[in-house]
Amino acid sequence: MTRGDRTSPLVRLHAVSKVYRLYDSPWQRLLTWGSLGRLRPYREFRALDDVSLEVARGETIGVLGRNGAGKTTLLRLISGVLAPSGGQVLRQGRVVSLLELGTGFDPELSGHANIERSAQLLRLDEVLLRRRAEIAEFTELGDFLDRPVKTYSLGMYVRLAFSLFAFSEADLFVIDEALGVGDIFFQQKCTDQIRAMAESGTSVLFSSHDWSAVQALCTRAILLDRGRLLMDEHPTEVTQAYRTGLHETEGPRFDVRQGSGSTTFGDGAVEFLEAGVADAAGRPADAFAAGDTAVIAVRFRACVDLDDPNIGLQIQSRFGQVVWCTTTCWNNLALGRYPAGRAFQVRFRVRLNLGRGTYTLTTAVAENRRQPRQIYIWVKGFSAIQVTGPADESYAGDAALPYSVEAPDGRSAEGGPRTGVGVSPLFAP
Amino acid sequence: MIRNLWHHREYLTRNALREVRYRYSGSVLGVYWNFLNPLVQIALYYVVFSRLMWLKVPGTVDPRFAFPLYLCAGVLAWLAFTETLGRCTTAFVANARYLRVLPVPEQVFVAQEALASTLGLAISMSLLALATLVVRGGLGLAWVQVPLILVLFQGFAFGLGLALGVLNVFIRDLGQMIHLVLMVWFWATPIAYVETMLPGRVRQLLTWNPAWVYITSLQRIVVADEWATPATLGLCLALALGACTGGYLVLRGLRHEIRDVL
């Protein structure tokens with residue numbers, strides 16, 4: 001098995017599509033064969049449409065989407081079970097799908113015999129047979145390994161499958177929750193082991209309905225809708241978009257556009273016009289010292305009649321963590337009615353009591369609720385700002401907190417963001 | 001196709017052995033059932049056709065042993081052929097559970113069926129050799145050709161079964177139809193009767209039957225110790241290769257759709 005070069009992607013999908021032909025009766029298929037493909041009495045179902053994707057080493061990627069979005073098809077294409085109808089799937093290294101290992105089991109055979117059988121069937125003989133003793137120990141099944149698998153409890157069955165999985169020395173693990181295997185694994189608290197595998201440098205790709213698992217485990221997430229790849233981003237954004245679409249009753253109407261570094265999605269009720277970042281004096285700026293005030297203005301246009309839109313702003317660290325956010329709703333600021341076509345602008349003044357680093361800004365317009373379900377528009381990363389730390393390196397960390405420190409003899413020093421402790425001019429008129 | 005099968009050789013051989021070992025698992029006699037079934041069959045034919053009724057096989061001198069051996073040679077080979085063809089035809093549908101999730105090449109599942117029944121054939125033919133040795137007190141030299149012809153016959157069944165197995169994914173009727181075809185095919189091949197019993201025209205027609213050459217050359221070896229000519233062996237090989245090529249072409253043409261339908 002080729003292990004490939006360390007830096008190249010493990011899996012590369014290039015404009016992959018998968019089309020299923022649906023025949024109403026077997027006779028129609030005979031008709032297609034008989035006419036050498038000239039007659040086409042079938043309907044086509046496009047399960048995946050023009051999906052391009054790369055999986056690098058060490059990534060943990062969550063695949064989100066509703067039922068029928070194409071998650072299982074995507075995973076099967078990646079694990080090599082299905083062939084694409086168009087485009088290319090390139091694999092480098094060993095891809096092992098979790099559902100494979102359990103399905104290869106023959107209930108009449110013993111645990112040991114099943115390890116051997118799965119190893120030979122999946123051509124993992126070399127690895128699995130070499131590490132046979134370790135696997136047997138890892139399962140903690142003891143003498144049960146000599147009994148037929150049909151006598152196993154579900155938990156034992158999962159243990160055996162998981163042990164094979166963990167020792168297969170794969171470069172990429174594929175876990176499909178849609179088929180129930182994932183569910184069992186998560187119920188069996190295998191999340192820790194998945195995390196451990198991910199940390200040891202193995203890539204993991206898993207589909208899930210459980211956005212919180214995706215957010216907790218993944219370094220990246222993708223969102224599929226009706227076979228199309230809508231988003232390929234940090235899990236925070238993707239799960240947000242997924243949750244937005246999830247509550248739509250007549251199917252999600254995601255409208256995702258990706259520009260230079262920013263991603264926009266929403267249901268189309270609001271259009272994003274522009275945004276600007278300035279310093280306290282109103283001059284455009286993108287670099288600030290800790291404690292400086294930034295003025296962030298965002299401008300939108302209503303595409304439908306809006307009643308009390310709710311505008312939010314969030315600041316994210318380069319790890320995607322939301323370091324701060326607020327919305328007009330949380331501040332009891334009613335924005336009033338906007339007929340379709342009317343533009344509106346909101347300005348945020350924020351004192352950047354932040355540690356050194358680069359931060360990205362995200363804004364959104366949603367319905368006027370504390371936890372909005374309906375998101376009109378979400379503009380991720382419309383701008384990036386740089387925050388510099390103290391010149392004298394007197395403190396460090398993610399936040400710039402005003403502080404003082406007192407010595408035993410009573411001498412003290414003050415520090416923190418350069419405006420220092422006390423009332424800020426920010427709130428002055 | 002061949003390379004993929006070669007990569008899975010270990011799985012295939014182990015699986016065939018397991019099949020023999022576990023087919024009768026749970027029973028008292030277990031693995032011995034594999035021997036008992038053909039043994040009883042051979043013994044029965046011997047008793048019925050050498051003690052109770054005699055049929056003469058042309059070109060043989062000893063009618064008491066000739067017909068039972070003739071019958072055994074044909075029937076045992078035919079049973080394996082039937083089993084291979086029947087199981088290969090339904091192989092994909094029966095293994096749908098695996099095909100849906102495992103990235104294992106399709107032909108492996110067909111080959112495993114063919115190999116398992118070939119192993120059964122090896123057992124029954126060894127028993128026939130043993131029985132011949134006992135009742136006749138010796139085994140003809142031409143017997144060395146038996147394994148070759150049987151392997152080619154099974155290869156022919158594999159190729160045909162591969163094509164039918166692929167088609168059966170799309171047209172499930174084939175799995176049922178094959179048994180009807182095999183029933184007719186059995187009587188179109190001189191297994192339970194001697195070919196000289198047939199009227200000339202019919203016999204002429206039936207020599208087009210591809211199973212004919214395999215069965216008749218086996219019978220001649222077993223009954224009359226008559227070597228198969230190179231031309232006959234060549235025909236056996238050509239038919240097997242032809243069937244395998246056909247099976248491969250059908251698989252290649254429809255491979256991408258198999259797992260979509262299962």
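> Kindly report on the interface of chain B and chain A, identifying the contributing residues and their values.
Between chain B and chain A, the contact holds 26 residues from the first and 29 residues from the second. Overall, the association of chain B and chain A removes approximately 2,500 Å² of surface from exposure, summing both partners, and the carbon and sulfur fraction of that is 59%. In this assembly, chain B and chain A are joined by three salt bridges. Joining chain B to chain A, the criterion identifies five residue pairs in polar contact (both at pLDDT 80 or more). Those elements that place two or more of their residues in the side of chain B that touches chain A are α2 (9-22), α6 (96-101), α8 (145-170) and α12 (230-261) of chain B.

> Break down the pattern of salt bridges for me, citing the residues and quoting the values.
With the rule as written, the count across this model stands at 26 salt bridges over all chains. Here A:Arg57 ties to A:Asp171 by a salt bridge, and the two come within 3.4 Å at their closest N and O atoms. Of the two residues, A:Arg57 is situated in the loop between β2 (43-55) and β3 (60-64) and A:Asp171 in the loop between α7 (154-166) and β6 (172-176); the sequence distance between them amounts to 114 residues. Measuring nitrogen to oxygen at the nearest pair gives 2.9 Å for the salt bridge that ties B:Arg255 to B:Glu106.

> So what's going on with α7(A)? Residues and values would help.
Because an α-helix completes one turn every 3.6 residues, residues spaced three or four positions apart along the sequence face the same direction. An ideal rise of 1.5 Å per residue puts 18 Å on 13 residues; α7(A) measures up with 18 Å between its terminal C-alpha atoms. Of all the positions in α7(A), only A:Met156, A:Val158, A:Leu160, A:Ala161, A:Phe162, A:Ser163, A:Leu164 and A:Phe165 are classed as buried.

> Break down the nonpolar core for me, citing the residues and quoting the values.
In this structure, A:Leu160, A:Phe165, A:Leu223, B:Phe92 and B:Ile258 are the most contacted members of the largest nonpolar core, which totals 71 residues. Among the elements that line this core, the one with the most residues is α7(A), at six residues. Two domains each provide a minimum of three residues to this core, namely domain 1 (11-94 + 170-242) and domain 2 (255-388) of chain A. With sequence-adjacent residues up to four places away left out, B:Phe92 is seen in contact with B:Leu99, B:Glu106, B:Val110, B:Leu162, B:Gly165, B:Val166, B:Val169, B:Leu251, B:Ile258 and B:Leu262. Counting 55 residues, the second-largest nonpolar core is a separate cluster that includes B:Val57, B:Phe153, B:Phe186 and B:Ala240.

> Could you give an account of the packing of aromatic side chains, naming the residues involved and the relevant values?
Scanning all chains against the criterion turns up 21 aromatic pairs over all chains. Between B:Tyr98 and B:Phe109 the ring centres are 6.2 Å apart and the planes differ by 5°, which places this aromatic pair in the stacked class. Here the residue B:Tyr98 occupies a position in helix α6, and B:Phe109 occupies one in helix α7 (residues 107-136), the gap between them amounting to 11 residues. Overall, B:Tyr98 belongs to the buried group, its relative accessible area being 9%. Through a chain of ring-to-ring contacts, the aromatic side chains of B:Trp78, B:Phe81, B:Phe153, B:Phe156, B:Trp185, B:Phe186, B:Trp187, B:Tyr193 and B:Tyr214 assemble into a single cluster. Sitting above the plane of the A:Phe144 ring, A:Arg147 keeps its charged end 4.3 Å from the centroid.

> Can you tell me about the sheet that holds strand β19 (residues 343-351) of chain A, naming the residues and giving the values?
Within a sheet, each strand pairs with its neighbour through backbone hydrogen bonds, oriented either parallel or antiparallel. All names here are of chain A. As summarised here, the arrangement of the three strands in space is β12-β14-β19, forming an open sheet in which the pairing is antiparallel. Only two strands of the sheet have a single partner each, and these edge strands are β12 (270-279) and β19. With direction set aside, neighbouring strand axes in the sheet form an average angle of 15°. Alignment of strand β14 (residues 293-302) against β19, held across nine bridges, turns out to be antiparallel.

> Provide a residue-level description of the side chain of A:Gln120, including the pertinent values.
Considering the arrangement of structural elements, one finds A:Gln120 in helix α4 (residues 111-121). Residue classification places A:Gln120 among the buried positions, given a relative accessible area of 1%. Residues contacting A:Gln120, with those up to four places away along its chain left out, are A:Asp125, B:His8, B:Glu10, B:Tyr11, B:Arg14 and B:Arg18.

> Explain the sheet that holds strand β9 (residues 228-233) of chain A residue by residue, including any values.
All names here are of chain A. Pairing is mixed in the open sheet, where six strands are placed in the order β5-β6-β7-β3-β8-β9. On the outer flanks of this sheet lie β5 (95-97) and β9, each paired with one strand and no other. Strand-to-strand twist across the sheet, computed as the mean angle between neighbouring axes with direction ignored, equals 20°. Where β3 meets strand β8 (residues 220-225), four bridges bridge the pair, whose relative direction is parallel. Among the inter-strand pairings, Leu 64 is bridged to a residue of β8, identified as Leu 223. Across the sheet, helix α2 (residues 71-79) touches β3, β5, β6, β7 (203-207) and β8, and the angle it forms with β6 is around 150°.

> I'd like a rundown of α12(B), residues and numbers included.
Residue and element names in this part refer to chain B. Taking 1.5 Å per residue as the helical rise, α12 with its 32 residues ought to reach 46 Å, and the 44 Å between its terminal C-alpha atoms agrees with that figure. At Leu 254, α12 is bent by approximately 65°, the largest bend along its length. Among all positions of α12, only Leu 233, Cys 236, Ala 240, Ala 243, Gly 247, Leu 251, Leu 254, Glu 257, Ile 258 and Arg 259 are buried.

> Can you tell me about unusual backbone geometry, naming the residues and giving the values?
One non-glycine residue, A:Asp50, lies in the positive phi region at around 50°. Tracing the backbone through its elements, the reader meets A:Asp50 in strand β2. The phi angle at B:Asp225 is positive, at roughly 55°, despite the residue not being glycine. Within the secondary structure, B:Asp225 sits in the loop between α11 (210-224) and α12. B:Asp225 sits in the partly exposed class, given a relative accessible area of 34%.

Thresholds, definitions, all that
- Residues numbered from 1 in each chain as written.
- Chains lettered and ligands numbered in written order.
- Predicted model: local features only at pLDDT ≥ 70, side-chain atom pairs only at ≥ 80, totals over all residues.
- Heavy atoms only, no water.
- Contact = heavy atoms within 4.5 Å.
- Buried area = accessible area lost by both parts, 1.4 Å probe.
- Salt bridge = Lys/Arg side-chain N within 4 Å of Asp/Glu carboxyl O.
- Polar contact = N/O pair within 3.5 Å; in protein donor to acceptor, adjacent residues only side chain to side chain.
- Helix = DSSP H or I, 4+ residues; strand = E, 2+ residues; numbered from the N terminus.
- Expected span 1.5 Å × (residues − 1).
- Buried < 20%, exposed > 50% of the residue type's maximum accessible area, 1.4 Å probe, protein only.
- Core = buried A, V, L, I, M, F, W, Y, C linked by side-chain atoms within 4.5 Å.
- Domains from an automatic or database assignment.
- Phe/Tyr/Trp six-rings, centres within 6.5 Å; stacked < 30°, edge-to-face > 60°.
- Lys NZ or Arg CZ within 6 Å of the ring centre and 35° of its normal.
- Pairing = 2+ DSSP bridges.
- Axes fitted to C-alpha atoms, helices over the stretch in contact; angles between N-to-C directions.
- Bend = angle between axes of the 7 residues up to and from the residue.

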